[in-house]
Amino acid sequence: MTDLLKRLCLLDGTSGDEGAVRELIISEIKDFCELKTDPLGNIIAFKKGKKPSAKRLMLDAHMDEVGLIITSVTHEGFLKFKTVGGIDTSALLFRCVRINRDITGVIGGKPIHLISAAERKKLPKCDSLYIDIGAQNREEALKSVCIGDCAIMESDFTLMGDKVISKALDDRIGCALLITLLKEESEFDFHASFSVQEEIGLRGAKTAAFGINPQCAIVLEATTAADIAGVAEENTVCKLGAGPAVSFMDRSTVYDRGFYNAALESGIDCQPKSAVAGGNNSGAVHLTREGVRTLAISVPCRYIHTACNMADIKDIENALKLCRFMLNGICGGEIE
Amino acid sequence: MKTIKETLFALSSADAVGNVREAADLGFELLSQYTKAEKTDSLTVIGYLKGNSDYTLMLDAHIDQVAMVVTDVDDNGFLTVAKCGGIDIRSLPSRSVTVHGKEKIPAVFCSTPPHLANGETEYDDISKIKLDTALGEGAKTVVSVGDFVTFNKLPAELCGTRVTGRSFDDRAAVTCLIEVARRLSDRELPVNVVFVLSDSEELGLRGIRTATYKINPDEALAVDVSFGDGPSISAEECGKLGGGGMIGISPALEKRISKKLVRTAEQKNIPYQLEAMGETSGTNADMIAVTREGVPCCTLSIPLRNMHTDTELLDLKDLEAVCDLLCEYILSGGVMND
């Protein structure tokens, strides 16, 4: 799974530009399930199990990641950009980016020596930032990039004991889990969506869920873990190493309490997500058509929406176990 | 033989601060190929080329880099660090770095979790931005107070002849000195040339102080980086990338050298630009000039964007121009006869 996760994370897939991720996922799963790509670019898959399912279940993970989009090129050859998804400016300043999967650039700024003591304490406005690809003027820049090209914050994929550090763990972890479930034998039939455009407002999941028309759904995600120095215990949300987080409520969804309780009582290491914060594709999925009973299983992730997400491999393994447990429970009719 | 780019990338990929010697050792190895080189008690490396006179011209480029040092290791694997040199702490959150502990380990600076961010974060104290080793309680077995922390970004090519990476301040100039040593090693020289890769510039021009005392030169050039152009920087504050080396002119620098550098560049058709400064230069030249009874000294600087970050950016053409100018200047005898 770590190798699969690495290959997924190192692909660039800013929202709306998920093509490379989609290609890899299709090549991984095509021999194990029926699949199609819907008009927005979601991969919609059906896994034939040994038995029909008691409930029409959909599993979802999103393929996209936060990134940047080039909006203009200055006469001097610098690229202006907008963020795609929520990115703190501290994660951008003086950062190496990769544009269009190929071109290296850096987000430039005024060196520390030339800024006043007051300026040093505040982040610059995001719209004052620019990408420098080393072009000497607009014409040279436009030989390498186009307006509308996407960029990601470049990172390595680092394994440190049982911790993994990389960009895009949100939500390539979910993709890796879902790929694994599709490739193994399943007791029951289930549906899957690898959805686009989560980071800009849960857009892909909306059409994917409409198309699949599920009765129940499990959203596989990565969520903020604030178990870091300087954060009060009550604000940690969830902790690395304590198992996947299951949500009772976040800013997009009040989750199905039956599923939530079943997950916590499964005997598999997991933890409640102890804050009403963030949101995920559940927000779109649970409101589809007449409504869908939904659970989110989220792997705790520090430094989310930066180039250095950090997660615990044990939590990913337990998320897989919890997924299987919920899938079999819901499809087998044991979890009501 | 390495190209200028290869030398720069190799030096940029190594670290030199405090007891971390990698870049200094590499500098020694490279300089030893062309000069009689020696290591000193600090990171400073000195290489000597003999000339046909008693006149000694010293070239300086500092080998140390901006970095951080561990001041606390907590029970959960989070470190507190202090700055070694000028670092923009606003860009630290979520940045990946190397901790030079018992072994080299990666670590990530904590960023404010989105649900706790209110857009009002004040970046006034680096000790508030903790460093996550991902090792939990195991951190204490690998990391100790006093261990150094460096950026870990590897250099990369950009458009044309431009490149990005860490510690180009001042490995770009170290690269030039090694290239100059290579070009001059089999030439007849009118003056003795001493190449100094000096320690602890970023902590207040310290290494060059003792090195200059030891060498006692007749003349010196501090080769460093200076501010490159960019959208947020006014033209009078910076040099143009690709415009050649920036020849320093300031009340604290020796005007004969500034003029001779300009004259040499004009005669040999080497690109250059002028960097006029109101007072001192903020480089090792300030220290060299007031060592012992005083040393005539000037600066020659490479324009560099994003100074003191791991995404510093420069044009390799400027390194070529600086090497060309230094060689011609040395072969002309500096200001020995001016």
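Residues numbered from 1 in each chain as written. Chains lettered and ligands numbered in written order. Predicted model: local features only at pLDDT ≥ 70, side-chain atom pairs only at ≥ 80, totals over all residues. Heavy atoms only, no water.

1. What to know about the pairing of strand β9 (residues 150-153) of chain A
Residues and elements named next belong to chain A. Covered by surrounding structure in β9 are Cys 150 and Ile 152 together with Ala 151 and Met 153, the residues of both alternating faces. Pairing of strand β4 (residues 67-73) with β9, which is carried by two bridges, proceeds in the antiparallel orientation. Considered in β9, the bridge of Ile 69 is made with Cys 150. As judged from the three bridges shared by strand β6 (residues 96-99) and β9, these two strands associate in the antiparallel manner. Bridged to Val 97 within β9 is Met 153. (Buried < 20%, exposed > 50% of the residue type's maximum accessible area, 1.4 Å probe, protein only. Helix = DSSP H or I, 4+ residues; strand = E, 2+ residues; numbered from the N terminus. Pairing = 2+ DSSP bridges.)

2. Section: the domain arrangement of chain B
Residue and element names in this part refer to chain B. We note that the domain assignment places domain 1 (4-65 + 166-331) and domain 2 (67-151) within chain B. Taking only C-alpha atoms, the centre of domain 1 and the centre of domain 2 are 31 Å apart. In terms of surface lost to domain 2, no three residues of domain 1 exceed Val 17, His 308 and Asp 310, which account for 38% of the buried area on that side. There are two salt bridges connecting domain 1 and domain 2. (Domains from an automatic or database assignment. Buried area = accessible area lost by both parts, 1.4 Å probe. Salt bridge = Lys/Arg side-chain N within 4 Å of Asp/Glu carboxyl O.)

3. A word on the pattern of salt bridges
Residue and element names in this part refer to chain A. Following the criterion strictly, the structure yields 44 salt bridges over all chains and no others. With a closest N to O distance of 3.5 Å, Lys 48 and Asp 189 form a salt bridge. With Lys 48 in the loop between β2 (43-47) and β3 (57-62) and Asp 189 in the loop between α5 (169-183) and β12 (190-195), this pair connects stretches of sequence that are 141 residues apart. Residue Glu 233 pairs with Lys 239 through a salt bridge whose shortest N-O separation is 2.8 Å.

4. A short note on the domain arrangement of chain A
Quoted interface sizes are often the accessible area lost when the parts come together. Residue and element names in this part refer to chain A. Here the domain parsing of chain A yields domain 1 (2-65 + 167-332) and domain 2 (67-153). Computed from C-alpha coordinates alone, the two centres of domain 1 and domain 2 are separated by 31 Å. Each partner contributes to the interface: domain 1 provides 14 residues, whereas domain 2 provides 13 residues. Buried area between domain 1 and domain 2, summed over both chains or domains, comes out near 1,100 Å², and the portion from carbon and sulfur atoms is 54%. When residues of domain 1 are sorted by the area they lose upon contact with domain 2, Asp 12, Thr 14 and His 305 head the list and together hold 44% of the total. Between domain 1 and domain 2 we count two salt bridges in total. (Contact = heavy atoms within 4.5 Å.)

5. Digging into the sheet that holds strand β17 (residues 309-312) of chain A
Residues and elements named next belong to chain A. Spatially, three strands are ordered β10-β11-β17 in an open sheet, and the strand pairing comes out antiparallel. Unpaired on one side and paired on the other, β10 (158-160) and β17 mark the two borders of the sheet. In this sheet, adjacent strand axes meet at a mean angle of 20° when their direction is disregarded. Across four bridges, the pairing between strand β11 (residues 163-166) and β17 is antiparallel. In the sheet register, Ile 165 faces β17, and the bridge partner there is Met 310. Lying on the sheet, helix α9 (residues 313-332) is in contact with β10, β11 and β17; it crosses β17 at an angle near 65°. (Axes fitted to C-alpha atoms, helices over the stretch in contact; angles between N-to-C directions.)

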